[in-house]
Amino acid sequence: MVVLGIESSCDETAAAVVSDGTVLLSNVIASQIDVHRKYGGVVPEIASRKHIEAILPVIAEALDDAKVSLADIEGIAVTRGPGLIGSLLIGLSVAKSIAFARKIPFVGVNHIEGHISAIFLAERKPEFPFIALVVSGGHTNIYLAKGFDNFVLMGQTRDDAAGEAFDKAAKMLDLGYPGGVVIDRMAQAGNPGYVKFPKAMRGSLDFSFSGLKTALLYYIKKREPPIREDEVPHIVASYQDAIVEVLVEKTLNAAKESSVPRIVVSGGVASNTRLREKFYEEAGKEGMEVFLPPPVLCTDNAAMIAVVGDNLLRNGERHSYDMNAVSRWPLESLENL
Ligand code: KG4
Ligand code: ZN
């Protein structure tokens, strides 16, 4: 089945064509980062407007890259939530319009399930069940993934998401936006043992990053003499390591607890260089397998949405034109909406 995926839940307008839920034919992502940079974060009103401008050209480019036309598309998968309502509605409306005009089915997909499912486009694909860590700008969740629409939540953040922890630290240190990418790059030249930051919530599968963020804030404010520029790579490397260590440790604990030796890591933060290294290293020691999508499929994209959509459509799922976007949509309650 050839599926067109559409994603517009935050600040990326994306379209992709995927065949049989596993073969990536095209993957187009129009990022709004430059527009939001001067505000230091995503401005929802502006995001919606930019999605309207970008969505049709992005879909046209995805079809073009895949060397298919709309007549070849057999179904449409679109992100229904969670995300910014105004942004989600742009993708959803366009998906419905194309489905109606072409008389093809469409399905609304959960964005978090999309992140986890990106792994089915990678060369090495895991078998179910596996432990899934989703680390993005909005989520830090550990699931036991038993099947495509069968997820048990094992741990989650009690405050900030891991991506937010990166973004806020970069803001405090005036490193620019979005913070994750900048810190990833800077930290490569830094010494992760330079500052001892706290590693919160040991012993639980839940996360908390607000204490770490506050620790950095105090470190910056109270440092005498003030931080020199050449120290910044060491500080961000230490901060990054505090996040990475906790993410790896808890995910491995979840795998041990449930006797499932397979781990999938996804979401924007899964493109982090140190996180990827550390997961391979630590899981290797425990004899566990780790599956990481290539970085371009970790951050927001529509190919991951098409993978979930392909599965729903193949199982005969058809959604109605009445379907609305949802800003909150816990993965473990997929069937309850
Ligand atoms: O999955 P994503 O693209 O969007 C959401 O669904 O939130 O994740 C975006 C988050 C941002 O917080 C960004 O700073 C973080 O992922 N991120 C990274 C890296 N690339 C993106 N964090 C750490 N290292 C990276 N290389
Ligand atoms: Zn995302």
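See the structure shown above.
Remember, predicted model here, so these are calculated numbers, not experimental data.

What counts and what doesn't
- Residues numbered from 1 in each chain as written.
- Chains lettered and ligands numbered in written order.
- Predicted model: local features only at pLDDT ≥ 70, side-chain atom pairs only at ≥ 80, totals over all residues.
- Heavy atoms only, no water.
- Helix = DSSP H or I, 4+ residues; strand = E, 2+ residues; numbered from the N terminus.
- Rg over C-alpha atoms; globule rule 2.2 N^0.38 Å.
- Buried < 20%, exposed > 50% of the residue type's maximum accessible area, 1.4 Å probe, protein only.
- Areas by Shrake-Rupley, 256 points an atom, 1.4 Å probe, with all protein chains shown as cover.
- Pairing = 2+ DSSP bridges.
- Axes fitted to C-alpha atoms, helices over the stretch in contact; angles between N-to-C directions.
- Contact = heavy atoms within 4.5 Å.

1. Points about the overall build of the protein chain
When its secondary structure is counted, the protein chain shows 11 helices and 10 strands. For 337 residues, the compact-globule estimate of 2.2 N^0.38 gives 20 Å, and the C-alpha radius of gyration of the protein chain, at 20 Å, lies within 12% of that figure. Dimensions of the protein chain along its principal axes, counting C-alpha atoms only, are 65 × 45 × 35 Å. Looking at the 337 residues of the protein chain, the share that counts as buried comes to 56%. By element, 52% of the accessible surface of the protein chain is carried by carbon and sulfur atoms, the whole surface being about 14,300 Å².

2. Quick look at the sheet that holds strand 5 (residues 106–110)
Picture the strands of a sheet paired through backbone hydrogen bonds; they go either parallel or antiparallel. The strand order across the open sheet built from five strands is 3-2-1-4-5, with neighbouring strands paired in mixed fashion. Every interior strand has two partners, whereas the edge strands, strand 3 (23–31) and strand 5, have only one. Shown here is a sheet whose adjacent strand axes are inclined to one another by a mean of 20 degrees, direction ignored. Against the sheet, helix 2 (residues 44–66) makes contact with strand 1 (2–7), strand 2 (12–19) and strand 3, and its axis sits at roughly 25 degrees relative to strand 2, the strand it touches most. Taken strand by strand, helix 3 (residues 85–102) contacts strand 1, strand 4 (75–81) and strand 5, and its axis lies near 155 degrees from that of strand 4.

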